[in-house]
Amino acid sequence: MGRPAIIHKTAADLAVPPHLADYAATCRAFSWDAARRELAGLPGGGLNIAFEAVDRHAQGARADHVAFRFLGSQAQRDISYRELSRLTNRFANVLKTLGVQRGERVFVLTGRIPELYTAVLGSFKNGCVVSPLFSAFGPEPLATRLKLGEGAVLVTTEGLYEHKVAKIRQQLPALRHVLLVGDEGQPTNLPDTHDLARLMAQAPDAFDIVATQAEDPALLHFTSGTTGTPKGALHVHGAVVTHWATGRYTLDLHADDIFWCTADPGWVTGTSYGIIAPLLHGVTSIVDEAEFDAERWWRILHEQQVSVWYTAPTAIRMLMKAGAELARKYSYPRLRFVASVGEPLNPEAVWWGLDVLGKPIHDNWWQTETGGIMIANLPALDIKPGSMGLPLPGVEAAIVRQHADGPVEVLDQPGREGELALKRGWPSMLRGYLNNEERYRKCFAGDWYLTGDLARRDADGYYWFVGRLDDVIKSAGHLIGPFEVESALMEHPAVAEAGVIGKPDALVGEVVKAFVSLKEGFEPSEALRMELLGHARKKLGAAVAPKEIDFLATLPRTRSGKIMRRLLKARELGLPEGDTSTLEAGA
Ligand code: AMP
């Protein structure tokens, strides 16, 4: 609104000289091999994320530096690098004692409590593949992911076990051990269910990290597509090189920073940047165990003297809504760098940062499959509000168009809209979708990884997000597959068919909206609508369930029987219906 299109950096912004001062020179000099050499590697050879993130510091001068500060509802707990090394060794010993082998999968379903962080890093040490799950998921998305991932171990809390896992445990034959976090400290009577605190207390402090190699799998993150079950994106220990380089160049982490990544580790940002990247740089991370609360967040930024803050557009919009006055109750003199990811960041939000915090917000772009930040507004460079920024050193991006016969055409001219593609070869690129080679293969055309996002690049090389090529929904930063929601609705006896779309929303980006048609003998009513909303919420959890449900006599389908979500969306928004030549007659 009458604001300039560029925010120039000031001397104050650069008071702490950024690691990346000269973009062109750094890009020219950069190689992933050289970045890899900045890491230590395992003493006997090999590469393991937990060694780089924890033990390397625990064995050196930063051993007593605080790695994590957990802000619980009652108390605050600091864990130093030395202590984190000891706890993660113990957790690795717990797995070993239970006979959990290298390559087996450990799922973690808890809030943001210390045990989550210990379990993730301890699992890496034992050579296991870790999958953190979002604790707000309902039993159905949990069962789908645990089944697909064939989890051998699940770390969870007594409460989550009782409310969610107990209902689905019979469906999980691969699950051999459940490790329960609870305050009771009571041995549980359930078979193969252990009290984690007791096992941790018995475990030795020392552990020889399994000699994993860069290409060994380390992380499994689920993400959603338009059709079918969620995809399990596999990442390897070598991804740590991307986490290291992006922590340095994009988040500009310096040794004395207090860093706060607000994402939950159930989503990839909360693992790559809520656990791994800050530890690699030996900084102190704040972990808030509570849910969003505007005043609490301002107080945390103030009291904890956060210097680098990595958050998300929905949270920023909620803070904007809570008003600048609330923000001004506190001060943030140490705050030096603010970044955001996950959804389009409105230019107003970038400017709001400058007005209220004295710092503009740096949007950046990546996705589960890329494992780390790929495109970013960088600390030393001008910001173009509304743009995602420039490709990082080591990342080659392009706007492409894929032809029906497979190959892609690179659209070189600035301003052209097309699919955002990345040249394969960055270390944190996914190495496969679990049990789905074909879907993985479809992500590539020759050397290009196709992101599924539409974008354009301007004459200065900045990338601008345009939209998604598929029907996936982004709500409050969470990627939601319409198929998963439709399937849950179809399980209700009244529902004949369901179609789910993302309806634009000023606060959370999109809200999940469902259209259902009813079986013979059922009539639309307000009572049934409420019942369906409740049914979906119980099965899917609040983060995934639809917020709105409309009844339709029939849903528009293609002649081949697919529900035309795009048409549902166009009709909902009063937009042109586009090409309806494949629409089934009468729909
Ligand atoms: P996820 O895999 O859950 O991290 O979601 C990745 C998707 O979120 C991307 O493919 C984009 O559609 C969207 N996304 C991530 N970052 C941005 C951004 N800075 N601007 C616009 N969309 C984004």
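Residues numbered from 1 in each chain as written. Predicted model: local features only at pLDDT ≥ 70, side-chain atom pairs only at ≥ 80, totals over all residues. Heavy atoms only, no water.

### Quick look at the UniProt feature "domain: AMP-binding enzyme C-terminal" (unreviewed entry) in the protein chain
What counts, and what does not: UniProt positions are given in the numbering used here, feature names are shortened, and annotations may be inferred rather than shown by experiment. In this text, helices come from DSSP runs of H or I with a minimum length of four residues, and strands from runs of E with a minimum of two, each type numbered from the N-terminal end.
Per the UniProt record, "domain: AMP-binding enzyme C-terminal" (unreviewed entry) is found at residues 484-562. Helix makes up 28% of residues 484-562 and strand 32%, whereas the separation of the span's terminal C-alpha atoms amounts to 15 Å.

### Overview of the packing of helix 9 (residues 240-249) against helix 10 (residues 268-280)
Put simply, the rule is: What counts as an axis is a line fitted to C-alpha atoms, over the stretch in contact for a helix, and the angles between N-to-C directions run from 0 to 180 degrees. Note that the term roughly parallel is reserved for angles under 35 degrees, roughly antiparallel for angles over 145, roughly perpendicular for angles of 65 to 115, and oblique for everything else. Contacts between residues were defined by any pair of non-hydrogen atoms, one from each residue, lying within 4.5 Å. Each residue gets one of three labels, nonpolar for Ala, Val, Leu, Ile, Met, Phe, Trp, Tyr, Cys and Pro, charged for Asp, Glu, Lys and Arg, and polar for the others, Gly among them.
Axis separation between helix 9 and helix 10 bottoms out at 9 Å; the angle between their running directions is 75°. Judged on the interaxial angle alone, helix 10 and helix 9 are roughly perpendicular. Contact residues: Val240, His243, Trp244 and Thr246 in helix 9; Ser272, Tyr273, Ile276, Ala277 and Leu280 in helix 10. Classifying every residue of the contact of helix 9 with helix 10 gives six nonpolar, three polar and no charged.

### Remarks on the site of the ligand
Selection criterion: By convention in this text, a residue qualifies as near a molecule or strand provided that one of its non-hydrogen atoms is within 4 Å of it. Polar contact is defined as a pair of N or O atoms within 3.5 Å, subject to the rule that within protein one atom must be able to donate a hydrogen and the other to accept it, and that residues adjacent in sequence are counted only when both atoms are side-chain atoms. Computed by Shrake-Rupley with a 1.4 Å probe, the accessible areas treat only the displayed protein chains as cover when residues are assessed.
Near the ligand lie 16 residues; those nearest to it are Asp363, Asn364, Gln367, Thr368 and Asp453. Interatomic distance of 3.0 Å between a side-chain N/O atom of arginine 468 and an oxygen atom of the ligand. Contact with the protein chains covers 95% of the free accessible surface of the ligand, which is 500 Å². When contributions to the shell around the ligand are tallied by element, the ones reaching two or more residues are strand 14 (361-365) and strand 23 (463-468). No other element matches strand 14, which puts three residues into the shell around the ligand. Classifying every residue of the shell around the ligand by side-chain character gives seven nonpolar, four polar and five charged.

### Focus: the packing of aromatic side chains
Which entries qualify depends on this criterion: Only centres within 6.5 Å qualify two rings of Phe, Tyr or Trp (six-membered ring in Trp) as a pair; their planes then separate them into stacked at under 30 degrees, edge-to-face at over 60, and tilted for everything else. Only protein chains enter the calculation, and the probe is 1.4 Å; a residue is then buried if its accessible area is under 20% of its type maximum, exposed if over 50%, and partly exposed in between.
A full pass over the atoms with the stated rule returns 22 aromatic pairs. Seen in terms of ring centroids, phenylalanine 134 and phenylalanine 137 are 5.9 Å apart; in terms of plane orientation they differ by 85°. Their pairing is edge-to-face. In this structure, phenylalanine 134 and phenylalanine 137 share a single accessibility class: buried. Here the aromatic residues Trp260, Phe292, Trp297, Trp298, Trp309, Tyr332 and Trp352 are joined through ring pairs into a cluster of three or more.

### Some details on the pattern of salt bridges
Stated precisely, the cut-off is as follows: Salt bridge criterion: a side-chain nitrogen from Lys or Arg within 4 Å of a carboxyl oxygen from Asp or Glu.
Under the counting rule described, the total for this entry stands at 43 salt bridges. One salt bridge in this structure joins lysine 384 and aspartate 460, with 2.6 Å as the shortest N-O distance. Here aspartate 460 lies in the loop between strand 22 (448-457) and strand 23 and lysine 384 lies in the loop between strand 15 (375-376) and strand 16 (390-391), a separation of 76 residues in the sequence. In this structure, lysine 503 engages glutamate 572 in a salt bridge whose closest nitrogen and oxygen atoms are separated by 3.6 Å. Of this pair, lysine 503 sits in strand 26 (residues 495-505) while glutamate 572 sits in helix 18 (residues 565-573), placing them 69 residues apart in sequence. On the basis of relative accessibility, which here comes to 25%, the residue glutamate 572 falls in the partly exposed class. Overlapping salt bridges, with partners in common, bring together Lys503, Lys513, Glu526, Arg529, Glu548, Asp550 and Glu572 in one network.

### Comments concerning the nonpolar core
So the rule is basically this: Grouping buried Ala, Val, Leu, Ile, Met, Phe, Trp, Tyr and Cys residues that are joined through side-chain atoms within 4.5 Å yields what is termed a nonpolar core.
Phe124, Val155, Leu279 and Tyr310 are the most contacted members of the largest nonpolar core, which totals 98 residues. Per element, the largest residue contribution to this core is seven residues, and it comes from helix 10. Val129, Leu146, Val165 and Ala498 belong to the second largest nonpolar core, which has 46 residues in total.

### Regarding unusual backbone geometry
Its identity as a non-glycine residue notwithstanding, asparagine 435 has a phi of 55°, on the positive side. Its place among the elements puts asparagine 435 in the loop between strand 20 (432-433) and helix 15 (437-441). In this structure, alanine 476 is a non-glycine residue whose phi angle is positive, near 50°. Turning to its location among the elements, alanine 476 is positioned in the loop between strand 24 (473-475) and strand 25 (478-480). What makes alanine 476 partly exposed here is its relative accessible area of 33%.

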